[in-house]
Amino acid sequence: MSKFIFITGGVTSSLGKGIISASLAKLLQARGFSVTIQKFDPYINVDPGTLNPYEHGECYVTDDGAETDLDLGHYERFLNISTSQANNVTTGRIYQTVINKERQGAYLGKTVQIIPHITDEIKRRIKLLEQEGAYDIIITELGGTVGDIESLPYLESLRQMRRELRNKDCMVIHLTLIPYLKAAGEHKTKPTQHSVKELMMAGIIPDVLVCRTESKLSDEIKAKLALFCNVDKNHVIEAIDADTIYRVPLFMQEEKLDQIVIDRLKLEPKHSPNLDRWTEFLDRYKNPKTEVNIVLVGKYNELADAYKSIYESFVHAGAVNECKVNIIPIHSENLDESTLPLEIHNIHGLLVAPGFGDRGINGKIGAIKYVREKGVPFFGICLGMQCCVVEHFRNVIGIDDVSSVEVDPDTRHPVIDLMPEQKKISAKGGTMRLGAYACEIKKESLAEQIYGRNIIHERHRHRYEFNNAYLQQMESHGLIASGINPETELVEIVEREDHPFFIGVQFHPELKSRVEEPHPIFVAFVDAAVKYKNAKEVVAAL
Ligand code: GLN
C-alpha cells in the first residue's frame, strides 16, 4: 500500500509547488523510497496540448505520448524516473470520463453530480498510480490556489480520501507565501491565515506549512503561524528564495521536511540520505571553468517557460562540461530580414527551437545558413531540424521552390511533408505523432559517437516529417540521414559531413535530460561549443 502526500497552494499562484513537490520527492528517494508525483490541473482543456506556450509554457510529452504540464518535466529531471498519462490529469479529462460514462449508461438513471461522481473520478485517478507500480509514496500536487472555484472538487476529494485512508497513510502540505512589508518592516501572516481558513472550510487541516519567503522568518512569526493555522510549530518551515531550483532539495533537507514526513507517515527509511550525485552536480554547475554563448532562435522567447526543458537541459549539460552556458534568446522574426542580430553576439553555438506555423521561418533558415558557412556548432530540434533540411535544399543544392508543407502548402518541392496518416486528421487535440519511438543510428556517424549505441528511444511531438522521396538528393549533397525509425523508415536525425558539429533531430531530446542523466546530444553540443570557442581564441591570438 502506498502513502499519499497532498500538496496544496495558498495566497498566489507561481509559488513553485512543482519544485517543492519534486524536492520533497527527491529527498524521500534519497532515503531509498520509491516515489512518484502526480499533478491535477483545474482547467477544462483535456490536456495542455492545445494551449499556446504563451498561456501555459511548454507542453511536456511523456514516453506514452501524453501531452502534459511542464511540472512533469521537473519531476522527471529531479527524480530520474519516467512519468506517464496517469501523472497529469485535468478537470477536462475528469469531466470527459464522467460524461462518456453517463452517455454509455453507466450511472443507471442517477443524477450525475460533482459529489460523488466527479470526486469519485478524481479519487480513482489518484489511486491509479497506486495500482500502476510499487510506489511507497505518491505525491499529488493540486494545481491552482486554495479558494479558486475550480479547485473545490479537488479539495473535497482530498477531504474524502483523508477520511477513507487511515490518518497515518496520508498528509497535507500547504505551500504558502509570507510577504514582507518594507514599510511596516515585518513579515505578514494574514494572507496565510486566510488561505488556511479556506482549507479548513473545505474540511482539511494541513499537517505542514511550507512558507515561501524572500528573507528568513523569525521564530516569533513561525509561532504565530502555528497558532493561527492550527499547525505544530515544528511543522512551519520556510522555503527561502534559492539561487537555482536545484538547491531547493537541500534547503528542504535543512528544514527537515523529509524527516517531518517520515515521522508523520511512520515511514521506515531504507538508508541515510544519499544525495552525493546531486551535490556533485550542484558543485560542478556552480563552479564552471569556462563559459559559452549559445543563441536560441525561437518564436516564444518572451517567455522562458516556453522552452523550459531546453533551458534545463543546458544546465545539466553545462555542469558535465564544467561550463556556464549563456543562452541568448533571439526572436526568429528579428532574423527574417538579416542575420545581423545574430552576428553581433560572440556566438559559440546555435540552437533552433521547436515550433509551429510559418512565423519567423526565414529567420531560422537564415541563421542556419550563417552557422553552416561559419562552422559554428548547430543543433536543430524538431522544427529546427526541418528548417535545416529546407536550408540545405535551398542554399547548398540550390533549388528555389523548396519548403515544408506546413509553411507553404503549394510548394513544388515538399521536402517536409505530412505523413499519410496525418492527412486524414482534422481534430487538433492529441493527434500529433506523440511519445517515444525507436530510432536506429547509422554506424560511424556523429550521432553514434554521441549516443555510443545504435538503438535509441526518443520522444516526439509533431505532424510533419522529412519526405523520403528527397532522401538520395539530400544525402548526395552532404546532409546525411543518420537516424531512421526502423519500422516506418522516417528520418529522425540528420547531420552534415562537412561541418564540425551540425545535427538536427526530429524528436525532442530536451524531454529526456535529467540532473543525474544529462542528455548526450546537449552534452556533446556544449562540448563542441567550448571547442569552437577555444579554437577561435587560438586563431585570434595568432
Ligand atoms: N511544426 C512542426 C511539425 O508539426 C514541428 C513541431 C515541433 O517543433 N514540435 O512537424
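Here we summarise the structure given alongside this text. (Residues numbered from 1 in each chain as written. Predicted model: local features only at pLDDT ≥ 70, side-chain atom pairs only at ≥ 80, totals over all residues. Heavy atoms only, no water.)

**Structural notes on the pairing of strand β7 (residues 170-177)**
Stage number 1. For β7, the buried fraction is high: 7 of the 8 residues fall into the buried class.
Stage number 2. Of the pairings in the sheet, the one linking strand β1 (residues 3-9) to β7 comprises 6 bridges and is parallel in character. Paired with I7 across the strands is I173, a residue of β7.
Stage number 3. Bridge analysis of β7 against strand β10 (residues 208-213) gives 5 bridges, and the strand direction is parallel. Looking at β10, one finds that H174 is bridged to L209. (Buried < 20%, exposed > 50% of the residue type's maximum accessible area, 1.4 Å probe, protein only. Helix = DSSP H or I, 4+ residues; strand = E, 2+ residues; numbered from the N terminus. Pairing = 2+ DSSP bridges.)

**Observations concerning the site of the ligand**
Stage number 1. Every residue near the ligand is listed here: P354, G355, F356, C382, L383, Q386, E406, R461, H462, R463, Y464 and H508.
Stage number 2. The contact in question runs from a nitrogen atom of the ligand to an N or O atom on the backbone of R461, over 2.9 Å.
Stage number 3. Y464 is positioned such that a nitrogen or oxygen atom in its backbone is 2.8 Å from an oxygen atom of the ligand.
Stage number 4. The protein chains hide 99% of the 300 Å² of surface that the ligand would expose on its own.
Stage number 5. Residues that form the shell around the ligand fall into these classes: 5 nonpolar, 4 polar and 3 charged. (Near = heavy atom within 4 Å. Polar contact = N/O pair within 3.5 Å; in protein donor to acceptor, adjacent residues only side chain to side chain. Areas by Shrake-Rupley, 256 points an atom, 1.4 Å probe, with all protein chains shown as cover. Nonpolar A, V, L, I, M, F, W, Y, C, P; charged D, E, K, R; others polar.)

**Details of the packing of aromatic side chains**
Stage number 1. The tally for this structure, following the rule as stated, stands at 16 aromatic pairs.
Stage number 2. Ring plane angle 40° and centroid distance 4.5 Å describe the contact between F378 and F502, whose orientation is recorded as tilted. With F378 in strand β15 (residues 378-381) and F502 in strand β23 (residues 502-505), the pair connects residues that are 124 residues apart, well separated along the chain.
Stage number 3. Centroid distance F501 to F525: 5.8 Å. Interplanar angle 35°. Geometry classified as tilted. Taken together, the residues span a long stretch of sequence, with F501 in the loop between β22 (491-496) and β23 and F525 in helix α19 (residues 520-541) at a distance of 24 residues. Residues F501 and F525 agree in their burial class; the two are buried.
Stage number 4. Within the aromatic cluster, the residues linked to one another by ring pairs are F78, Y246, W278, F281 and Y285.
Stage number 5. The ring of Y437 carries R433 above its face, with NZ or CZ at 4.4 Å from the centroid. (Phe/Tyr/Trp six-rings, centres within 6.5 Å; stacked < 30°, edge-to-face > 60°. Lys NZ or Arg CZ within 6 Å of the ring centre and 35° of its normal.)

**Some details on the environment of I94**
Stage number 1. Its location among the elements puts I94 in helix α4 (residues 91-103).
Stage number 2. Residue classification places I94 among the buried residues on the basis of a relative accessible area of 1%.
Stage number 3. Considered as a pair, I94 and L265 are 171 residues apart in the sequence and their alpha carbons are 29 Å apart.
Stage number 4. Residue contacts for I94: discarding those within four places in its chain leaves F40, V89, I118, E121, I122, R125 and Y154. (Contact = heavy atoms within 4.5 Å.)

**A look at helix α8 (residues 219-229)**
Stage number 1. Taken residue by residue, α8 has I221, K222, L225, A226 and C229 as its buried positions. When α8 is viewed along its axis, its buried side chains cluster within an angular range of 140° and face the same direction. Set apart from the buried face of α8 by more than 90 degrees, the exposed residues are D219, E220 and L227.
Stage number 2. In this fold, the buried residues of α8 make contact with β9 (186-187), α7 (190-201), β10 and β11 (236-240). (Arc of directions from axis to C-beta.)

**Considerations on the pattern of salt bridges**
Stage number 1. A full pass over the atoms with the stated rule returns 39 salt bridges.
Stage number 2. Measuring nitrogen to oxygen at the nearest pair gives 2.9 Å for the salt bridge that ties E121 to R124. Here E121 pairs with R124, and both are found in helix α5 (residues 114-132), just 3 residues apart, close to one helical turn.
Stage number 3. For R124, a relative accessible area of 37% gives the class partly exposed.
Stage number 4. For K216, the salt bridge goes to E238, with nearest N and O atoms at 2.8 Å. Taken as a pair, K216 in the loop between β10 and α8 and E238 in strand β11 lie far apart in primary sequence, 22 residues in all.
Stage number 5. Note on E238: relative accessible area 4%, which makes it buried.
Stage number 6. Each of K39, D41, D69, D71 and E141 takes part in salt bridges that share partners, so that together they form one network. (Salt bridge = Lys/Arg side-chain N within 4 Å of Asp/Glu carboxyl O.)

**Some remarks on the environment of M474**
Stage number 1. Locating M474 in the fold gives a position in helix α18 (residues 471-476).
Stage number 2. Placed 118 residues apart in sequence, M474 and F356 show a C-alpha to C-alpha distance of 23 Å.
Stage number 3. In this structure, M474 is in contact with V389, H392, F393, I397, F466, L479, A481 and V494, ignoring residues within four places of it in sequence.

**A short note on the sheet that holds strand β20 (residues 464-466)**
Stage number 1. Here 3 strands make up an open sheet; going across it, the order is β16-β17-β20 and the pairing mixed. Two strands in the sheet have a free side with no partner beyond their single neighbour: β16 (402-404) and β20. Averaged over neighbouring strand pairs, the angle between their axes works out to 30° when direction is ignored.
Stage number 2. With 3 bridges connecting them, strand β17 (residues 413-418) and β20 associate as antiparallel partners. Directly across from I416, in β20, lies its bridge partner F466. (Axes fitted to C-alpha atoms, helices over the stretch in contact; angles between N-to-C directions.)

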